[in-house]
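# Summary of the model geometry
Residue strings, one per chain:
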Amino acid sequence: MKELSVDVVVRPKEYRIVIEAGLLNNLASELKRNPLGKRYAIITDTIVNPLYAEPLCRSLREAGIPAQVYAFAHGEASKTRQTKEWLENSLLDDGFGRDSAILAVGGGVVGDVAGFVAATYMRGVPFAQVPTTTLAQVDSSIGGKTAVDVPQGKNLIGAFHHPAVVYMDPQTLMSLDERNYFGGLVELVKHGFIADEEFLAFYRQHQQTIVARSGTEYADMMEELMLRNCRIKNEVVRLDEQETNLRKILNYGHTLGHGVEILSDFLLSHGESVAVGIGFAAYLAWRLGFCTRETMEIQMDVLEGLGMPCRIPDSITAEQLIRVMSMDKKAKDGKAEFVLLESVGKVKRAADGDCAQKIAPDVVRAMIDEYKNIG
Ligand SMILES: NC(=O)c1ccc[n+]([C@@H]2O[C@H](COP(=O)([O-])OP(=O)(O)OC[C@H]3O[C@@H](n4cnc5c(N)ncnc54)[C@H](O)[C@@H]3O)[C@@H](O)[C@H]2O)c1
Ligand SMILES: [Zn+2]
């Protein structure tokens, strides 16, 4: 037998996140200055297409940059291998080569599918995330995760593929419906809860403007808010490479939140369900003596300011939640893992240093019943 050890040089990757209100109107000149390829495939969905993708495509062509739009039906149901295949076949038929680049213009669904296409097309082509939902701007466009759903589960087939650049235009959030606008903000305040008290203070100071989505200071303030938010998410993802599993803290509120989302038959949105999950995690942390009542109340207050109920719907029982949570792939020995806070901005560490706590089902059941009864 012969054996050779091969050193693979992985170059550190760096990319820009450009945040500017109105940026989409200037993207053509930006791409002239900093091209990603010779030709652009703009991947989008049917709602975002007339709003932003078509106008962007026109402005690129007017600037002499070859571009073409590919729009699939909006919604999570399109996040499939079939959509990926349709996109790949379309790009191949239209002669897109290795020198092309992809622009993912839309929410998290578009970003995840287009990013995955970019990861595998011709063994990988550069792509830009151009997120147009709150969730995509605060969460899914940063971190390099791309995926599609399969009948066996969500996000099970995918790849890590970082964008070459992220172009974030907070102005696009003006056309978003209320549920999507506020739902995405739950993930933003979550970042404050788990990692940065000062960020949360900044958010609270500007909460009225953020909720109203208007006012002269809206645009400037949103740029600053998104910038600070990206720094936090990016820092957690970066440190995760040094400390395995730190990324887990991003799951704050998601243990019970996922259960609520599934058991509501997806009538509650992801953001609304995570708000319930955070409300419960805050209650649990207080009852277990990890944090003060004030720490719990600050979180409830912020979430209620976003119009989030935080209460477990009456139709969902503790028993059902325990069952769904124990099926979660992160549950260990039947114990669900909860990220819990010590104070705002600080996650409580378990005895072994882990940033999640394994809580016995009996305790969780009792706490859910209590939480359901507090009004
Ligand atoms: N990759 C990651 O790290 C990551 C993280 C979190 C979530 N996700 C994924 O993100 C997806 C959810 O993303 P989402 O909440 O953005 O959903 P989405 O992409 O379905 O967008 C929500 C709706 O808003 C519409 N829309 C988008 N931008 C608009 C705008 N500016 N104005 C008006 N309408 C607009 C879309 O057409 C869609 O109907 C899920 O599939 C989830 O798995 C990925
Ligand atoms: Zn989430």
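Each chain carries its own residue numbering, running from 1 in the written order of its sequence. Here every chain gets a letter starting at A, and every ligand a number starting at 1, in the order they are written. Per-residue local features of the predicted model are confined to residues with pLDDT of at least 70, and side-chain atom pairs are confined, for both listing and counting, to 80 or more; whole-chain, interface and lining totals are unaffected and use all residues. Excluding hydrogens and water, the side-chain figures rest on all heavy atoms present in the structure.

Per an unreviewed UniProt entry, the chain goes by 3-dehydroquinate synthase and derives from Bianquea renquensis. UniProt positions are given in the numbering used here, feature names are shortened, and annotations may be inferred rather than shown by experiment. What UniProt states about the chain under its Sequence similarities (unreviewed entry) heading is, verbatim, "Belongs to the sugar phosphate cyclases superfamily. Dehydroquinate synthase family." Per UniProt, the chain carries the Subcellular location (unreviewed entry) text "Cytoplasm".

### What about unusual backbone geometry?
Positive phi is not limited to glycine here, since Asn155 has a value of about 60°. With respect to the helices, strands and loops of the structure, Asn155 is situated in strand β7 (residues 153-160). Notably, Asp265 is not glycine yet its phi reads approximately 60°, a positive angle. Tracing the backbone shows Asp265 in the loop between α10 (254-263) and α11 (270-287). Only DSSP runs of H or I reaching four residues or more are called helices, and only runs of E reaching two or more are called strands; each is numbered from the N terminus.

### Describing the side chain of Asp139
With respect to the secondary-structure elements, Asp139 resides in helix α5 (residues 134-140). We define a polar contact as two N or O atoms separated by no more than 3.5 Å, with the added condition that, inside protein, one atom must be a possible hydrogen donor and the other a possible acceptor, whereas residues neighbouring each other in sequence contribute only through side-chain atom pairs. In terms of polar contacts, Asp139 uses its side chain to reach the side chain of Lys233, at 2.8 Å.

### What about the coordination of the zinc ion (ligand 2)?
Distances from the zinc ion (ligand 2) to its protein donors, Glu187 (OE), His254 (NE2) and His270 (NE2), fall within 2.1 Å. Atoms are scored as donors when they are N, O or S and lie within 2.8 Å of the metal, with 3.2 Å used for Na, K and Ca; no water is included, so coordination may look incomplete. Donor residues for the zinc ion (ligand 2) sit on one chain with the sequence pattern E-x66-H-x15-H. Taken together, the residues Glu187 in helix α6 (residues 178-195) and His254 in helix α10 connect sequence positions 67 residues apart. Classification of His254 as buried rests on a relative accessible area of 8%. Working definition: with a 1.4 Å probe on protein chains only, accessible area under 20% of the residue-type maximum means buried, over 50% means exposed, and in between means partly exposed.

### Quick word on helix α4 (residues 108-120)
The length a helix should cover is 1.5 Å for every residue beyond the first. Relative to the 18 Å expected for 13 residues at 1.5 Å per residue, α4 spans 18 Å between its end C-alpha atoms, a close match to the ideal helical length. When you tally the buried positions in α4, you get 12 out of 13 residues, the bulk of the element. Listing the buried residues of α4 in full gives Gly108, Val109, Val110, Gly111, Asp112, Val113, Ala114, Gly115, Phe116, Val117, Ala118 and Ala119. Two residues or fewer after α4 comes Met122, characterised by a positive phi angle close to 50°.

### Notes on the UniProt feature "domain: 3-dehydroquinate synthase N-terminal" (unreviewed entry) in the chain
The sites that carry the UniProt feature "domain: 3-dehydroquinate synthase N-terminal" (unreviewed entry) are, in the present numbering, residues 71-181. With 33% helix and 29% strand, the stretch residues 71-181 has end C-alpha atoms that lie 22 Å from each other.

### Details of the site of ligand 1
A single heavy atom is enough: if one lies within 4 Å of a molecule or strand, its residue is considered near that molecule or strand. Not every one of the 24 residues close to ligand 1 is listed here, only the nearest: Asp45, Glu76, Gly108, Thr132 and Thr133. Lys154 has a polar side-chain atom sitting 3.1 Å from an oxygen atom of ligand 1. Within the complex, 85% of the 870 Å² of free accessible area of ligand 1 lies under protein. Where the shell around ligand 1 is concerned, the elements lending two or more residues are α2 (48-62), α4, α5 and β7. Polar here means any residue outside two lists: the nonpolar Ala, Val, Leu, Ile, Met, Phe, Trp, Tyr, Cys and Pro, and the charged Asp, Glu, Lys and Arg; Gly therefore counts as polar. Split into classes, the residues belonging to the shell around ligand 1 amount to 7 nonpolar, 10 polar and 7 charged. Shrake-Rupley sampling with a 1.4 Å probe provides the accessible areas, and residues are treated as covered by the protein chains on show and by no other component.

### Here's the deal with the environment of Ala201
With respect to the element layout, Ala201 can be found in helix α7 (residues 197-205). Sequence spacing of Ala201 and Val48 is 153 residues, and the spatial spacing of their C-alpha atoms is 33 Å.

### So, the pattern of salt bridges
Think of it this way: side chains of opposite charge can pair up when their charged atoms draw near. Between Lys or Arg on one side and Asp or Glu on the other, a salt bridge is scored when a side-chain nitrogen of the former is within 4 Å of a carboxyl oxygen of the latter. Inspection of every chain in the model, using the stated rule, returns 21 salt bridges. Note that Glu337 is salt-bridged to Lys358, the shortest N-O span being 3.6 Å. Here Lys358 lies in strand β12 (residues 357-359) and Glu337 lies in strand β9 (residues 336-338), a separation of 21 residues in the sequence. By relative accessible area, which is 8% here, Glu337 ends up buried. Classification of Lys358 as partly exposed rests on a relative accessible area of 36%. Members of the salt-bridge network, linked through shared partners, are Glu76, Lys79, Asp112, Asp149 and Lys154.

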